[in-house]
Amino acid sequence: MHKYLIIALSLLSSLSLFANDEEQPIVLETDSVATEAPKTIPVSLTTTVYSDADMEARRNIDGEQPVMPANIQIGTSKLTLFGYAQTGYTYKHTNKENTNAFDITRIIFMANAELTKQLSFFIMYDAAASKLHEYYGQYAFSPSLKVRVGQFKQPYTLENIYPPTILDNISFNNSVLYMTGIATDPALGATVARDAGVMITGDLLPKDGRPQFNYQLGVFNGTGMNIKENNNQKSVIGMLNYMPTSSLLFSGSFALGTSKAANGKFINNEGVAQIPTGANYHRNRYALGAELKTKPVYFRSEYMWGSDAKVNLQGFYTDFEYHVVPKKFDLIADFDYIDTGNYRDSRGITRTVTLGAQYWLYKQCRILSQYVHTDPKHGAISNAWITQFQIAF
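Parameters at a glance
Residues numbered from 1 in each chain as written. Predicted model: local features only at pLDDT ≥ 70, side-chain atom pairs only at ≥ 80, totals over all residues. Heavy atoms only, no water. Helix = DSSP H or I, 4+ residues; strand = E, 2+ residues; numbered from the N terminus. Buried < 20%, exposed > 50% of the residue type's maximum accessible area, 1.4 Å probe, protein only. Contact = heavy atoms within 4.5 Å. Salt bridge = Lys/Arg side-chain N within 4 Å of Asp/Glu carboxyl O. Core = buried A, V, L, I, M, F, W, Y, C linked by side-chain atoms within 4.5 Å. Patch = residues over 30% accessible without salt bridge, like charges linked within 9 Å, V, L, I, M, F, W, Y side chains within 5 Å. Areas by Shrake-Rupley, 256 points an atom, 1.4 Å probe, with all protein chains shown as cover. Phe/Tyr/Trp six-rings, centres within 6.5 Å; stacked < 30°, edge-to-face > 60°. Polar contact = N/O pair within 3.5 Å; in protein donor to acceptor, adjacent residues only side chain to side chain. Pairing = 2+ DSSP bridges.

## Some points on the overall build of the protein chain
For step 1, the next point in the chain: Along its length, the protein chain carries four helices and 21 strands.
For step 2, the next point in the chain: Residues classed as buried in the protein chain amount to 46% of the 393 residues present.
For step 3, the next point in the chain: Taking as baseline every contact in the protein chain between residues at least 6 positions apart, the subset at least 24 positions apart corresponds to 51%.

Rendered as structure tokens:
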């Protein structure tokens with residue numbers, strides 16, 4: 001309770017500190033037993049403004065990172081508060097019907113507590129959906145070995161582990177949504193590709209001051225975000241990234257396990273559910289990808305394949321950005337393909353083309369607007385114009 005009281009008092013008395021990065025400690029007395037002398041704990045509240053060079057040097061595979069966080073230093077412990085919000089407008093035309101809507105996509109609050117140099121705790125909450133997305137503790141034995149326990153993103157596909165604040169596809173690629181289990185897979189449900197489990201991760205073989213390899217390997221329930229274990233089976237999910245240069249990355253990942261169908265999955269021409277509701281089924285996924293980051297262009301592509309029970313699946317996407325005005329204005333093009341059924345049955349094929357542009361207002365604050373053409377083999381063609389406004393701190 002002492003630390004929470006200190007935090008509250010420091011917030012009230014240190015609001016002026018947000019105007020600069022200089023640390024101005026506040027010394028508070030804590031309660032103590034009668035036999036001990038009073039103790040003091042230094043408390044400071046600051047903010048950090050990361051430079052463009054610092055942000056460009058970040059690795060996308062490291063996930064969510066702050067832009068202009070609030071830092072609360074309590075003794076030797078540090079609490080970093082940061083987040084982002086995404087709101088937008090969508091106009092969509094399908095089957096001679098037009099729809100339009102404003103929406104609040106995400107309001108994400110994050111906190112990272114560094115208890116010691118090795119031990120930390122992270123939490124992520126989505127206020128728009130009123131859901132706790134992530135909560136985990138991590139212990140770093142060394143840069144090459146960190147152990148993470150809790151609920152967090154499953155390390156399958158690059159697009160899945162990258163934060164939405166840097167992705168240029170507002171709605172994600174359909175192939176990634178389906179293959180990772182973020183959404184659209186009727187059997188798995190909308191798991192947001194997060195799950196409870198334990199994972200080891202780290203960087204390997206440093207050269208010229210940076211690692212050449214990064215790995216992530218974990219064991220998860222296989223049920224999805226905020227869902228308890230329901231079949232006593234586990235999923236093994238892993239990723240290996242090779243970075244020969246600071247601008248080039250090659251990635252391979254997999255997800256192997258047994259899941260319990262949240263809904264029946266209809267995959268044959270007669271409409272028979274080969275994976276009935278409540279049935280356990282083998283769910284296996286593989287992916288290969290590459291990413292290139294240069295001053296004029298950005299490129300990322302991944303091919304995914306696997307199976308649900310005896311049903312084969314595959315998908316791929318290619319994402320491209322041209323930096324017309326670096327750090328200010330980008331043109332975007334994306335092609336996506338997903339086949340959710342047997343390779344010989346084209347009913348599950350959907351192709352999507354996305355064209356758009358984004359304007360960076362400040363750091364990771366932007367306006368992103370794009371035209372999305374979706375062409376399913378089974379279903380109606382849709383055309384949508386989506387615009388998103390993003391604020392990150």
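## Re unusual backbone geometry
For step 1, the next point in the chain: Not every positive phi belongs to a glycine, and phenylalanine 172 is a case in point at roughly 65 degrees.
For step 2, the next point in the chain: Inspection of the secondary structure puts phenylalanine 172 in the loop between helix H3 (158–161) and helix H4 (174–180).
For step 3, the next point in the chain: Given a relative accessible area of 13%, phenylalanine 172 falls into the buried group.
For step 4, the next point in the chain: Its identity is not glycine, yet lysine 327 carries a phi of approximately 70 degrees, on the positive side.
For step 5, the next point in the chain: Here lysine 327 is to be found in the loop between strand S17 (311–325) and strand S18 (329–339).

## Section: the pattern of salt bridges
For step 1, the next point in the chain: All told, the structure shown has nine salt bridges when counted by the stated rule.
For step 2, the next point in the chain: The residue arginine 194 makes a salt bridge to glutamate 134 at a minimum N-O spacing of 2.8 Å. Here glutamate 134 lies in strand S7 (residues 131–142) and arginine 194 lies in strand S9 (residues 194–207), a separation of 60 residues in the sequence.
For step 3, the next point in the chain: Residue class for arginine 194 comes out buried when judged on its relative accessible area of 6%.
For step 4, the next point in the chain: On the basis of relative accessibility, which here comes to 6%, the residue glutamate 134 falls in the buried class.
For step 5, the next point in the chain: One salt-bridge network, held together by shared partners, links Arg59, Asp62 and Asp203.

## Points about the nonpolar core
For step 1, the next point in the chain: If you look at the biggest cluster of nonpolar residues, it comprises 38 residues, and the most contacted ones within it are Ile61, Met110, Tyr156, Tyr162, Met179 and Met304.
For step 2, the next point in the chain: In terms of residue count, H4 provides more of this core than any other element does, four residues in total.
For step 3, the next point in the chain: With sequence-adjacent residues up to four places away left out, methionine 110 is seen in contact with Glu64, Thr80, Leu81, Phe82, Gly83, Tyr84, Phe122, Ile123 and Met124.
For step 4, the next point in the chain: Among the nonpolar cores identified, the runner-up in size contains six residues, and Ile170, Leu368, Val372 and Ala384 belong to it.

## Things to note about a nonpolar patch on the surface
For step 1, the next point in the chain: Side chains of Leu115, Leu119, Tyr139, Phe141, Leu145, Val149, Val198, Ile200, Leu217, Val219 and Val236 sit close together on the surface and give an oily, nonpolar patch of about 850 Å² of accessible area.
For step 2, the next point in the chain: Of all the elements in the fold, those that place two or more residues in the nonpolar patch are S7, strand S8 (145–153), S9 and strand S10 (210–220).
For step 3, the next point in the chain: Its place among the elements puts phenylalanine 141 in strand S7.
For step 4, the next point in the chain: You can call phenylalanine 141 exposed: its relative accessible area is 55%.

## Quick word on the packing of aromatic side chains
For step 1, the next point in the chain: Under the counting rule described, the total for this entry stands at twelve aromatic pairs.
For step 2, the next point in the chain: Ring geometry for tyrosine 286 versus tryptophan 305: centroids 5.6 Å apart, planes at 25 degrees, classification stacked. Taken together, the residues span a long stretch of sequence, with tyrosine 286 in strand S15 (residues 280–293) and tryptophan 305 in strand S16 (residues 297–308) at a distance of 19 residues.
For step 3, the next point in the chain: Overall, the relative accessible area of 31% leaves tyrosine 286 in the partly exposed class.
For step 4, the next point in the chain: Overall, tryptophan 305 belongs to the partly exposed group, its relative accessible area being 29%.
For step 5, the next point in the chain: Centroid distance phenylalanine 316 to tyrosine 337: 5.5 Å. Interplanar angle 25 degrees. Geometry classified as stacked. Of the two residues, phenylalanine 316 is situated in strand S17 and tyrosine 337 in strand S18; the sequence distance between them amounts to 21 residues.

## What to know about the environment of phenylalanine 172
For step 1, the next point in the chain: For the pair phenylalanine 172 and isoleucine 182, spaced ten residues apart in the sequence, the C-alpha separation amounts to 9.5 Å.
For step 2, the next point in the chain: Apart from residues lying up to four places away in sequence, phenylalanine 172 is in contact with Arg106, Glu159, Pro164, Leu167, Leu177 and Ile182.

## Brief notes about the side chain of serine 301
For step 1, the next point in the chain: Looking at where serine 301 falls in the secondary structure, it is placed in strand S16.
For step 2, the next point in the chain: Of the polar contacts made by the side chain of serine 301, one reaches the backbone oxygen of tyrosine 317; its length is 2.7 Å.
For step 3, the next point in the chain: For serine 301, the side chain forms a polar contact with the side chain of threonine 318, separated by 3.2 Å.

## Some details on the side chain of histidine 323
For step 1, the next point in the chain: Topologically, histidine 323 is positioned in strand S17.
For step 2, the next point in the chain: With a relative accessible area of 16%, histidine 323 lands in the buried category.
For step 3, the next point in the chain: Among residues more than four places away in sequence, those in contact with histidine 323 are Thr294, Lys295, Pro296, Val297, Tyr298, Phe329 and Asp330.

## Re the pairing of S16
For step 1, the next point in the chain: Taken together, the eleven bridges between S15 and S16 define a ladder with antiparallel strand orientation. Counted as the bridge partner of leucine 288 is tyrosine 303 from S16.
For step 2, the next point in the chain: Here S15 hands over to S16 after three residues, the two strands then running antiparallel side by side.
For step 3, the next point in the chain: Bridge analysis of S16 against S17 gives twelve bridges, and the strand direction is antiparallel. Note that in S17 the partner of tryptophan 305 across the bridge is glutamine 314.
For step 4, the next point in the chain: Adjacent in sequence and paired antiparallel, S16 and S17 are bridged by two residues, among which alanine 309 carries a positive phi angle near 55 degrees.

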